[in-house]
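# Coordinates in review
Spelled out from the first residue to the last, the chains are:
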Amino acid sequence: MRILKNISIRIKENYYKVVWRWYLTPIRLNQIDKKYSKKCWRGCQENGTYIHMWWSCKYVQKFWENVFKEIKGITKIEIIGRPEIALLSFMDNIQVSKELKELIANLLTAARLLIAKKWKATILLVNL
Ligand SMILES: [Zn+2]
């Protein structure tokens, strides 16, 4: 991925961990041992699939809405929040400078790192 060329190891590590599904989800833990519930840890009562935990959980959606709002505030560019942009920093269809794309990628990575840091928390911080 071109955007990862000049960025820090920590950002690359987060990107690869997301892509290679390093983070264990409730569904995956339940497959390993039935004593673990399949339900999302954040209390929404949905099954905790990988995409749910990173993107579609209603609590994570509020967080991502805030992230994209903050990005708009910083860059003055409105980006329609989609999982490929938020989780993988795919911005091929966004017409901005290379420097701005790197800034946005760094902001998105900071958001992913925060989700990862609060991975098993029952309540995710929704207000930045
Ligand atoms: Zn959830």
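Residues numbered from 1 in each chain as written. Predicted model: local features only at pLDDT ≥ 70, side-chain atom pairs only at ≥ 80, totals over all residues.

For Lys12, the position within the fold is in helix α1 (residues 9–19). In this structure the C-alpha to C-alpha distance between Lys12 and Thr109, which are 97 residues apart in sequence, comes to 9.1 Å. (Helix = DSSP H or I, 4+ residues; strand = E, 2+ residues; numbered from the N terminus.)

This part takes up unusual backbone geometry. A positive phi angle, close to 75°, is found at Gln45, a residue other than glycine. Tracing the backbone shows Gln45 in the loop between α2 (26–32) and α3 (50–56). Look at Gln45 and you get exposed, because 8 C-beta atoms sit within 10 Å. You will see that Ser89, though not glycine, has its phi angle at about 55°, which is positive. By the element assignment, Ser89 lies in the loop between α5 (83–88) and α6 (98–117). Owing to 23 C-beta atoms within 10 Å, Ser89 belongs among the buried residues under this scheme. (Buried ≥ 20, exposed ≤ 12 C-beta atoms within 10 Å, placed from the backbone.)

Membership of the largest hydrophobic core comes to 22 residues, with the highest contact counts inside it found for Trp54, Val60, Trp64, Val67, Ala86 and Leu108. Among the elements that take part in this core, helix α4 (residues 58–75) stands out by supplying six residues, more than any other. Those residues within four positions of Ala86 in sequence are excluded, and the remaining contacts are Trp55, Trp64, Gly81 and Leu108. (Core = buried A, V, L, I, M, F, W, Y, C linked by C-beta atoms within 7 Å. Contact = placed C-beta atoms within 7 Å.)

With that settled, the discussion passes to the packing of α1 against α6. With their axes 10 Å apart at the nearest point, α1 and α6 run at an angle of 65° to one another. The interaxial crossing formed by α1 with α6 has left-handed handedness. Side by side, α1 and α6 meet where Ile11, Asn14 and Val18 of the first sit next to Asn106, Thr109, Arg112, Leu113 and Ala116 of the second. Partitioning the contact of α1 with α6 into residue classes produces four nonpolar, three polar and one charged. (Axes fitted to C-alpha atoms, helices over the stretch in contact; angles between N-to-C directions. Left-handed = near helix turned anticlockwise from the far one by under 90°. Nonpolar A, V, L, I, M, F, W, Y, C, P; charged D, E, K, R; others polar.)

Let us look at the environment of Glu46. The residue Glu46 is located in the loop between α2 and α3 in this model. Placed 10 residues apart in sequence, Glu46 and Ser56 show a C-alpha to C-alpha distance of 9.8 Å. Contacts of Glu46, omitting those with residues within four sequence positions, involve Cys40, His52 and Cys57.

The subject of this paragraph is α4. Its 18 residues give α4 an end-to-end C-alpha distance of 26 Å, which sits within 8% of 26 Å, the value for a rise of 1.5 Å per residue. Buried within α4 are the following residues: Val60, Phe63, Trp64, Val67, Phe68 and Ile71. In a view along the axis of α4, the buried residues occupy a sector of 135°, so they form one face of it. Those residues of α4 that are exposed and angled more than 90 degrees off the buried face are Glu65, Lys72 and Gly73. Looking at the buried residues of α4, the elements they touch are α3, α5 and α6. Phi for Lys76, located one or two positions after α4, is positive at around 65°. (Expected span 1.5 Å × (residues − 1). Arc of directions from axis to C-beta.)

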